[in-house]
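Residue strings, one per chain:
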Amino acid sequence: VHPYSYNAVISACAKASEWSLVKGLIETMRSTGVDIRAETFNAVLDGDLPLTSAMATFEQMLEQNVAPDGHSYHNLLRLCRRDQNWETALKVLGYMNEGRPAMYAAVDEGEEGDEEEGEGRRLVRAALSPVAPSVITYTLLFQTLAES
């Protein structure tokens, strides 16, 4: 089964707040060797979960060396706005700006090999680089601050 199929079902379950099904699907993905990507975590973060659960999901994403994308951050900021939690919104903005330096180190640990291997590392580093905040990011952040 393709990861996109799982992600679609996870998204539907998350939007319906069926968290036990979400957890079971992710466990099935792991046990069957299906790639868990940013899109998988984003499908969870699309749901109407408590902000603390969303941040725990985000931390799990980072621990598994899955690079968050703009959608990941947008969902977190949306939940911060809903809960009027400006402290967490600022923390999310900090994550956006810092990138994932610990992941860079893991990528760079391998020995320098042929040109193709070096190019692969360059592409992975680019994927893990910081995500630039957008107008939408700042709008959500300012709305969160104004509403709290």
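Use the structure listed above.
In this text the structure is predicted, and so the values were computed from the model without any measurement.

Rules used in this analysis
Residues numbered from 1 in each chain as written. Predicted model: local features only at pLDDT ≥ 70, side-chain atom pairs only at ≥ 80, totals over all residues. Heavy atoms only, no water. Helix = DSSP H or I, 4+ residues; strand = E, 2+ residues; numbered from the N terminus. Buried < 20%, exposed > 50% of the residue type's maximum accessible area, 1.4 Å probe, protein only. Patch = residues over 30% accessible without salt bridge, like charges linked within 9 Å, V, L, I, M, F, W, Y side chains within 5 Å. Areas by Shrake-Rupley, 256 points an atom, 1.4 Å probe, with all protein chains shown as cover. Salt bridge = Lys/Arg side-chain N within 4 Å of Asp/Glu carboxyl O. 1 Å grid on protein atoms, 1.4 Å probe; cavity = no way out; pocket = protein on both sides within 12 Å on 5 of 7 lines; lining within 4 Å. Points joined across faces, edges and corners; volume = space filled by probe spheres on them. Nonpolar A, V, L, I, M, F, W, Y, C, P; charged D, E, K, R; others polar. Phe/Tyr/Trp six-rings, centres within 6.5 Å; stacked < 30°, edge-to-face > 60°. Lys NZ or Arg CZ within 6 Å of the ring centre and 35° of its normal.

## Concerning unusual backbone geometry
Stage number 1. The phi dihedral of Asn65 falls on the positive side, at around 55 degrees, and the residue is not glycine.
Stage number 2. Among the structural elements, Asn65 can be located in the loop between helix 4 (51-63) and helix 5 (70-83).
Stage number 3. Note on Asn65: relative accessible area 49%, which makes it partly exposed.
Stage number 4. Of note, Gln84 is a non-glycine position whose phi angle comes to about 50 degrees, a positive value.
Stage number 5. With respect to the secondary-structure elements, Gln84 resides in the loop between helix 5 and helix 6 (86-98).

## Focus on a nonpolar patch on the surface
Stage number 1. A cluster of nonpolar side chains, contributed by Trp86, Leu90, Tyr138, Phe142 and Leu145, occupies part of the molecular surface with about 470 Å² of accessible area.
Stage number 2. Of all the elements in the fold, those that place two or more residues in the nonpolar patch are helix 6 and helix 9 (135-147).
Stage number 3. With three residues, the top contributor of residues to the nonpolar patch is helix 9.
Stage number 4. For Leu90, a relative accessible area of 38% gives the class partly exposed.

## Focus: the layout of surface pockets
Stage number 1. Put simply, the largest pocket is a space of about 250 Å³.
Stage number 2. As for the largest pocket, its lining consists of 13 residues, and the residues nearest its centre are Val22, Lys23, Ile26, Val44 and Thr57.
Stage number 3. Sorting the residues of the lining of the largest pocket by element identifies helix 2 (19-32), helix 3 (38-45) and helix 4 as the ones contributing at least two each.
Stage number 4. The class makeup of the residues in the lining of the largest pocket is seven nonpolar, three polar and three charged.

## Considerations on the packing of aromatic side chains
Stage number 1. All told, the structure shown has two aromatic pairs when counted by the stated rule.
Stage number 2. Taken together, a centroid distance of 5.0 Å and an interplanar angle of 70 degrees make the contact between Phe58 and Tyr95 edge-to-face. On the criterion of sequence distance, the pair formed by Phe58 in helix 4 and Tyr95 in helix 6 is long-range, its members being 37 residues apart. Taken as a pair, Phe58 and Tyr95 share a single burial class, namely buried.
Stage number 3. Ring-pair connections join several aromatic residues into one group, and the members of that group are Phe58, Tyr73 and Tyr95.
Stage number 4. The cationic tip of Arg37 hangs over the ring face of Tyr4; the distance from NZ or CZ to the ring centre is 5.6 Å.

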